[in-house]
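Structural overview
In case you want the letters, here they are:
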Amino acid sequence: MPKQRIAITQDFAAPRETVFAHLTDHNKVGPILGAKMVRIKDGDDATNGLHSVRKVTIGPLSFEETVVRFEAPERMEYTVTTKAPIKNHRGIMLFEDTGTGSRLHYEILFDGRYPLTGGLIRKQLETAISKGLSRYAASLA
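Source: prediction; values computed, not measured.

So, on to the overall build of the chain. When helices and strands are tallied, the chain shows 3 helices and 7 strands. Ordering the α and β elements of the chain from the N terminus gives β-α-α-β-β-β-β-β-β-α. Taken over the C-alpha trace, the chain has a radius of gyration of 14 Å; the compact-globule value for 141 residues is 14 Å, and the two agree within 12%. Projected onto the principal axes, the alpha-carbon positions of the chain cover approximately 45 × 30 × 30 Å. Of all 141 residues assigned to the chain, the portion counted as buried reaches 42%. Restricting to contacts in the chain with at least 6 residues of sequence separation, those with at least 24 account for 45%. Accessible surface, the chain as shown: approximately 7,400 Å² in total, 53% of it carbon and sulfur. Of the charged side chains in the chain, 20 are positive and 16 negative, and the gap between their average positions amounts to 9 Å.

Looking at helix α1 (residues 16-23), one finds that the buried residues are Arg16, Val19, Phe20 and Leu23. What you see down the axis of α1 is that its buried residues fit within an arc of 100°, all on one side.

A few words now on the packing of aromatic side chains. Any two aromatic rings considered together are summarised by their centre-to-centre distance and by the angle between their planes. Throughout the structure, instances matching the rule amount to 3 aromatic pairs. Each ring, one from phenylalanine 20 and one from phenylalanine 95, has its centre 5.0 Å from the other, and the planes form 75°; the classification is edge-to-face. In this pair, phenylalanine 20 is assigned in helix α1 and phenylalanine 95 in strand β6 (residues 86-98), connecting sequence segments 75 residues apart. Among the residues examined, phenylalanine 20 registers a relative accessible area of 4% and is labelled buried. Taking relative accessible area as the criterion, phenylalanine 95 reaches 6% and is therefore assigned buried. Every member of this aromatic cluster is reached through a ring pair, and the members are Phe20, Phe70 and Phe95. Here the guanidinium or amino end of arginine 54 rests over the ring plane of tyrosine 78, the centre of that ring lying 4.6 Å away.

A few words now on the pattern of salt bridges. Counted by the stated rule, this structure contains 12 salt bridges. A salt bridge links aspartate 97 to arginine 16; the shortest N-O distance between them is 3.2 Å. On the criterion of sequence distance, the pair formed by aspartate 97 in strand β6 and arginine 16 in helix α1 is long-range, its members being 81 residues apart. The class for aspartate 97 is partly exposed, based on a relative accessible area of 47%. One salt bridge connects arginine 90 with glutamate 77, and the closest N-O pair in it is separated by 2.9 Å. Of this pair, arginine 90 sits in strand β6 while glutamate 77 sits in strand β5 (residues 75-80), and the two are 13 residues apart along the sequence. The exposure class of glutamate 77 is buried, given its relative accessible area of 5%. Look at the salt bridges and you will find they share partners, linking Arg69, Glu71, Arg75, Glu77 and Arg90 into a network.

Pairing is antiparallel across the open sheet formed by 7 strands, whose spatial order is β1-β7-β6-β5-β4-β3-β2. Sheet topology places β1 (4-12) and β2 (36-41) at the edges, where each strand pairs with a single neighbour. Recorded for the sheet is a direction-independent mean angle of 20° between the axes of neighbouring strands. Relative to strand β7 (residues 101-112), β1 runs antiparallel, the two sharing 9 bridges. Bridging across to β7, threonine 9 finds its partner in histidine 105. Strand contacts of α1: β1, β4 (61-71), β5, β6 and β7, with the helix running at about 160° to β6, the strand carrying the most contacts. Helix α3 (residues 118-140) rests against β1, β6 and β7 of the sheet, and its axis sits at about 5° to β1.

To continue, consider α3. An ideal rise of 1.5 Å per residue puts 33 Å on 23 residues; α3 measures up with 33 Å between its terminal C-alpha atoms. Where α3 is buried, its residues contact β1, α1, α2 (30-33), β6 and β7.

What counts and what doesn't
- Residues numbered from 1 in each chain as written.
- Predicted model: local features only at pLDDT ≥ 70, side-chain atom pairs only at ≥ 80, totals over all residues.
- Heavy atoms only, no water.
- Helix = DSSP H or I, 4+ residues; strand = E, 2+ residues; numbered from the N terminus.
- Rg over C-alpha atoms; globule rule 2.2 N^0.38 Å.
- Buried < 20%, exposed > 50% of the residue type's maximum accessible area, 1.4 Å probe, protein only.
- Contact = heavy atoms within 4.5 Å.
- Areas by Shrake-Rupley, 256 points an atom, 1.4 Å probe, with all protein chains shown as cover.
- Lys, Arg positive; Asp, Glu negative; His and termini not counted.
- Charge placed at Lys NZ, Arg CZ, Asp CG, Glu CD.
- Arc of directions from axis to C-beta.
- Phe/Tyr/Trp six-rings, centres within 6.5 Å; stacked < 30°, edge-to-face > 60°.
- Lys NZ or Arg CZ within 6 Å of the ring centre and 35° of its normal.
- Salt bridge = Lys/Arg side-chain N within 4 Å of Asp/Glu carboxyl O.
- Pairing = 2+ DSSP bridges.
- Axes fitted to C-alpha atoms, helices over the stretch in contact; angles between N-to-C directions.
- Expected span 1.5 Å × (residues − 1).

Written out as structure tokens, the structure is:
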């Protein structure tokens, strides 16, 4: 079981389908999450769907993530599939309707690959993702 956990909940003043489409688009979500991302393989069922692969670049680091579960417009799960500073990774994005728009529950689980790195990586990711999602939510208001 991964030792590091990030759990973020963010509300949006937009329909679930709109938010899902934007936040699961590999070529659009990077600036929101604080990384450069580009789709390098289309999915089986949808462009950004099941088995699609994106290349993630954060500073000097690059790695790939593969979508392992895709249920539009409710759920996307992905995992790191190449060597990265983290291991045993799972990203889970759950979307739901609210009375005023939609809500994202975003959870990331992982272990640090090297001693003492997991907590540092968790804090940096959590800060960048929280800020990005908050800015994106404000842009939809």
